[in-house]
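Observations on chain architecture
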Amino acid sequence: MIDLVKMLRTPLELNAKAGDKILIITDTAMEPVLWEALATAANTMGIESTTAIMTPRATHAISPTSAICAAATDPGTDIVIYLTSTALAHSPLNAELLHIGKRHILMEELTTAMLKPDGPAGADYKAMNVLGTRVQDIFSQGKSIHVTCPNGTDLRASIEGRPGRAIAGTIFKMRDNGGGGCAFPDGETHICPVEGTGEGKVVFDLTAHSVGALSEPIVLTIEKGFVTNIEGGAQADVWKRILDTHGDAASYNAPAEIALGLNPNVKPTGSMRTDKKMYGTAHIGMGDTVTLGGTCHAKLRLEGVVSKPEIVVDGLPVARGGQILV
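Figured I'd write up the structure that's included with this text. Just so you know, these numbers come straight off a predicted model, no measurement behind them.

Scoring rules and cut-offs
Residues numbered from 1 in each chain as written. Predicted model: local features only at pLDDT ≥ 70, side-chain atom pairs only at ≥ 80, totals over all residues. Heavy atoms only, no water. Helix = DSSP H or I, 4+ residues; strand = E, 2+ residues; numbered from the N terminus. Rg over C-alpha atoms; globule rule 2.2 N^0.38 Å. Buried < 20%, exposed > 50% of the residue type's maximum accessible area, 1.4 Å probe, protein only. Salt bridge = Lys/Arg side-chain N within 4 Å of Asp/Glu carboxyl O. Pairing = 2+ DSSP bridges. Axes fitted to C-alpha atoms, helices over the stretch in contact; angles between N-to-C directions. Left-handed = near helix turned anticlockwise from the far one by under 90°. Contact = heavy atoms within 4.5 Å. Nonpolar A, V, L, I, M, F, W, Y, C, P; charged D, E, K, R; others polar. Expected span 1.5 Å × (residues − 1). Polar contact = N/O pair within 3.5 Å; in protein donor to acceptor, adjacent residues only side chain to side chain.

Our next topic: the overall build of the protein. Looking only at helices and strands, one finds seven helices and 21 strands in the protein. The globule rule puts the C-alpha radius of gyration for 326 residues at 20 Å, and the 18 Å found for the protein is close to it. Based on the C-alpha atoms only, the size of the protein along its principal axes is roughly 50 × 40 × 40 Å. Residues counted as buried form 57% of the 326 residues belonging to the protein.

Put into structure tokens, the structure is as follows:
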């Protein structure tokens, strides 16, 4: 517990201060020691914490219970922390939090193993932010992005007018009203491509939402900004069922995000929480883009990881073969 408390002070030290009020949202699929350690870390810093526990959501991007949503949007709550088994970054609740100027920290799928000093939570966050800012500036100034990989990935999209965002544990301001967020463990620079411009193929070969470590690739065909076909084995079938059951036409929007991982301490575990932050990887999303400043309101958000992509912006190679080149 002492070691966990020490590690979980990091995101609070980066983003909060004594006297702040935080809401920890968790669910019964998470290890209880995690929210206990986070609440204790807050207490050691003079931060008032409230913990709300719910049953797990059916899939990613679904809001918490109405009672928890009311607590999150309460004017007295300064920071909302998602310590949940499903990702809430692209939920209607999070869109509302950004709209009203609140801050959030994403800790979905966190495990005690991720909080070891030599793990992703123990990385040099200052150094990651320096590197991430360099990539952010290239993304922000770019007009087009091209992602390829020997595994068959070949995706193009427009990023003209869209801001890149470097996030490595420090809340990034996403709205003029102060609303914004980050994750922990963290380490990525992302951009939301212009809706309707994606063309090509994405081959996820490492990890994907809702299925974990991939036993065989999930292949997305993208035409005019929408996924038109999903191929692969049993894990691809899980994505199809999720989309059929919970999605809508907008949930097929792609690419909803293209992100470059920055964290050198990440080793693949099958969890999207950290695998998508692994240095030199790319994660690509489909579905909702509202949280990232886009225009697509969708019910779902799903992401997968490409292990060794080449990312080129306006002809400039940014990453290749598991290395960042800028």
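The next subject is unusual backbone geometry. Cis geometry marks the peptide bond from Phe184 to Pro185; its omega dihedral reads -5°. Counting through the fold element by element, Pro185 comes out in the loop between β9 (180-183) and β10 (188-191). Following Ala254, the chain continues to Pro255 via a peptide bond in cis, the omega torsion being -5°. Locating Pro255 in the fold gives a position in the loop between α6 (234-246) and β16 (257-261). One non-glycine residue, Glu109, adopts positive backbone phi at about 65°. With respect to the helices and strands, the residue Glu109 is situated in the loop between β4 (103-106) and α5 (125-141). Residues other than glycine seldom take positive phi values, yet Lys224 does so here, at roughly 50°. Mapped onto the elements of the fold, Lys224 is located in the loop between β14 (218-223) and β15 (226-231).

Quick look at the pattern of salt bridges now. Taken as a whole and judged by the stated rule, the model has eleven salt bridges. In this structure, the salt-bridge partner of Asp20 is Lys17, at a minimum N-O distance of 3.1 Å. A relative accessible area of 5% places Asp20 in the buried class. Ionic contacts of the salt-bridge type, sharing partners, join the residues Glu257, Lys276, Arg301 and Glu303 into one network.

Our focus in this paragraph is the sheet that holds strand β11 (residues 199-204). Taken in spatial order, the eight strands make up an open sheet running β15-β14-β11-β6-β5-β19-β20-β21, and their pairing is antiparallel. Lying at the two open borders of the sheet, with one neighbouring strand each, are β15 and β21 (323-324). With five bridges connecting them, strand β5 (residues 144-148) and strand β6 (residues 154-158) associate as antiparallel partners. Bridge pairing links His146 to Arg156 in β6.

Our focus in this paragraph is the environment of Ala121. Locating Ala121 in the fold gives a position in the loop between β4 and α5. Put simply, Ala121 and Asp137 are 16 residues apart on the chain and 25 Å apart in space, counted from C-alpha to C-alpha.

Side chains Gly180 and Cys182 of β9 all project onto a buried face; the interleaved residues Gly181 and Ala183 project onto the opposite face, where all are buried too. Two elements, β4 and β9, share four bridges in a ladder whose sense is parallel. In the strand pairing of β9, Leu106 is matched with Ala183. Across two bridges, strand β8 (residues 172-173) lies against β9 in antiparallel orientation. Opposite Lys173, over in β9, you have Gly180 as the bridge partner. Between β8 and the antiparallel strand that follows it, β9, lie six residues; Gly178 among them carries a positive phi value of about 100°.

The next thing to look at is the packing of helix α1 (residues 2-15) against helix α2 (residues 32-44). Each pair of packed helices can be summarised by the angle the axes make with each other and by the distance between the axes. The N-to-C vectors of α1 and α2 enclose an angle of 65°; their axes lie 8 Å apart at closest approach. Classified by chirality, the crossing of α2 by α1 is right-handed. Residue-level inspection shows Leu4, Val5, Leu8, Arg9 and Leu12 of α1 in contact with α2, the latter providing Val33, Leu34, Ala37, Leu38, Thr40, Ala41, Ala42 and Thr44. For the contact of α1 with α2, the per-class residue count stands at ten nonpolar, two polar and one charged.

The first and last C-alpha atoms of α5 sit 24 Å apart over 17 residues, in line with the 24 Å expected at 1.5 Å per residue. Two to three positions downstream of the cap, the backbone nitrogen of Lys126 sits 3.2 Å from a side-chain oxygen, assigning the N-cap of α5 to Asp124.

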